[in-house]
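# Summary of structural features
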Amino acid sequence: MTRKPLIAGNWKMNGSLAESRQLVDALRAGITAGGAAAATMLLCPPFVYLPAVQGWLQGSPIALGAQDLADKPGSGAYTGEVSGQMLREVGCSHVIVGHSERRALYGETDAVVAAKFKAAQAAGLVPIVCVGETLEQREAGQTRSVISAQVAAVVDSAGVQAFSKAVIAYEPVWAIGTGRTATPDQAQEVHAFIRGMVAARDATIAAGLRVLYGGSVKGANARSLFAMADIDGGLVGGASLTAAEFLEIFRAAA
Ligand code: 13P
């Protein structure tokens, strides 16, 4: 694989400051130089823990990211929002945009997701843009049309060149937090479809693009998922909250 795998932990709204410290310390202790050379580990804690986690990560190869950002570039009167520039300031290199929970629970449209993607890049962050179909959509045979619309909304708005500094995460909604993982073949099919969409616009960018899988990734299923040609790592929720489990997933990629 020419693409260095990325294993990202999306903590979501979980953990206390003390638990976060324990988790970070255990991950630091568990990651080896060889592992860090072979794959990138990224932690995405809640906003308020970012400065603390940045401090605990000093001198480690583990990267820091955020779970969301404002759709507006720069600064201004946007109560409650956090800008990409602020995330950079506290040491983030990456940011998740368009997670299905943001889309479903907080009404984020494709247009908002595209705006966040551009705001992230304007601030020098690598956006990890999430796409994925619901169970109803899959059962209705709409997986490709849903993914196609979600990917196109960002590619058409930001331009394909923007994907030389971006990551896509395929997260089937039915597999998130359900214990029901897409099979490696099911995931690979969608990953190849996503890469093909980007390749139709720019083959070189598509070849270098990391496409992560997310949805009930565990130590036990990570290896078979990461063995697929177009799966370049994982976006991990629940299993990223346990150091031993997350390290096992990381080792499956590294
Ligand atoms: P789980 O790994 O808990 O299924 O969550 C996946 C996810 O949503 C990561 O962003």
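Heads up: these notes are all about the structure in this document. (Residues numbered from 1 in each chain as written. Predicted model: local features only at pLDDT ≥ 70, side-chain atom pairs only at ≥ 80, totals over all residues. Heavy atoms only, no water.)

### Some remarks on the overall build of the chain
Tallying secondary structure elements over the chain gives 12 helices and eight strands in all. Here the chain has a C-alpha radius of gyration of 17 Å; the compact-globule value for 254 residues is 18 Å, and the two agree. Its C-alpha atoms give the chain principal-axis dimensions of about 45 × 45 × 35 Å. Taken across its 254 residues, the chain has 52% of its residues classed as buried. Sequence separation of at least 24 residues holds for 73% of the intrachain contacts in the chain that already meet a minimum separation of 6. On the chain, roughly 10,600 Å² of surface is accessible, and the fraction owed to carbon and sulfur atoms is 54%. (Helix = DSSP H or I, 4+ residues; strand = E, 2+ residues; numbered from the N terminus. Rg over C-alpha atoms; globule rule 2.2 N^0.38 Å. Buried < 20%, exposed > 50% of the residue type's maximum accessible area, 1.4 Å probe, protein only. Contact = heavy atoms within 4.5 Å. Areas by Shrake-Rupley, 256 points an atom, 1.4 Å probe, with all protein chains shown as cover.)

### Things to note about helix α8 (residues 143-158)
With 16 residues, α8 extends 23 Å between its outermost C-alpha atoms, agreeing within 8% with the 22 Å of an ideal straight helix rising 1.5 Å per residue. Taken together, the buried positions of α8 are occupied by T143, V146, I147, Q150, V151, A152, V154 and V155. On its buried side, α8 packs onto α5 (100-105), α6 (110-122), β5 (126-131), α7 (135-139), β6 (167-170) and α9 (184-199). Within two residues after α8, G159 carries a phi angle of roughly 90 degrees, on the positive side. (Expected span 1.5 Å × (residues − 1).)

### Looking at the site of the ligand
The full set close to the ligand counts 13 residues, and K12, H99, G177, S216 and G238 are the nearest of them. Measuring from an oxygen atom of the ligand, one finds a backbone N or O atom of G177 at 2.6 Å. For the ligand, an oxygen atom lies 2.9 Å from a polar atom in the backbone of G237. (Near = heavy atom within 4 Å. Polar contact = N/O pair within 3.5 Å; in protein donor to acceptor, adjacent residues only side chain to side chain.)

### A closer look at the side chain of T40
For T40, the position within the fold is in strand β2 (residues 40-44). You can call T40 buried: its relative accessible area is 19%. Setting aside residues no more than four positions away along its own chain, T40 makes contact with K4, P5, L6, I7, R210 and F250.

### Considerations on the packing of aromatic side chains
All told, the structure shown has two aromatic pairs when counted by the stated rule. Measuring from ring centre to ring centre gives 5.1 Å for F117 and F163, while their planes differ by 25 degrees; the resulting arrangement is stacked. Of this pair, F117 sits in helix α6 while F163 sits in the loop between α8 and β6, placing them 46 residues apart in sequence. Looking at F163, the relative accessible area reads 2%, which means it is buried. (Phe/Tyr/Trp six-rings, centres within 6.5 Å; stacked < 30°, edge-to-face > 60°.)

### What to know about the sheet that holds strand β7 (residues 210-214)
The eight strands are arranged β1-β2-β3-β4-β5-β6-β7-β8 in a closed barrel whose pairing can be described as parallel. On average, adjacent strands in this sheet sit at an angle of 25 degrees to one another, irrespective of strand direction. Where strand β4 (residues 94-97) meets β5, four bridges bridge the pair, whose relative direction is parallel. Bridge assignment links V95 to a residue of β5, and that residue is P127. Packed on one face of the sheet, α6 meets β4 and β5 and runs near 160 degrees to β5. Running at roughly 155 degrees to β5, α8 makes contact with β5 and β6 of the sheet. (Pairing = 2+ DSSP bridges. Axes fitted to C-alpha atoms, helices over the stretch in contact; angles between N-to-C directions.)

### Concerning helix α12 (residues 243-253)
The complete set of buried residues in α12 reads A243, F246, L247, I249, F250, A252 and A253. The inward-facing, buried residues of α12 contact β1 (6-10), α1 (17-30), α2 (33-38), β2, α11 (219-226) and β8 (233-236).

### Things to note about the nonpolar core
Within the largest apolar cluster, 72 residues are counted, with the highest numbers of intra-cluster contacts made by F163 and F226. The dominant element in this core, judged by the number of residues it contributes, is α12, at seven residues. In this structure, C44, C130, V167 and L212 belong to the second largest nonpolar core, which totals 12 residues. (Core = buried A, V, L, I, M, F, W, Y, C linked by side-chain atoms within 4.5 Å.)

### Comments concerning the state of the cysteines
Applying the stated criterion across every chain, the model contains zero disulfides. Here C44 stays unpaired: no disulfide links it, and the sulfur of C92, its closest cysteine neighbor, is 7.6 Å away. C130 takes part in no disulfide bond, and the closest cysteine sulfur to it belongs to C44, at a distance of 9.5 Å. (Disulfide = S-S within 2.5 Å.)

### Concerning the pairing of β6
Side-chain alternation along β6 places V167 and A169 on one buried face and I168 and Y170 on a second face that is also buried. Direction of pairing for β6 relative to β7: parallel, over a ladder of four bridges. Within β7, the residue paired with Y170 across the bridge is Y213.

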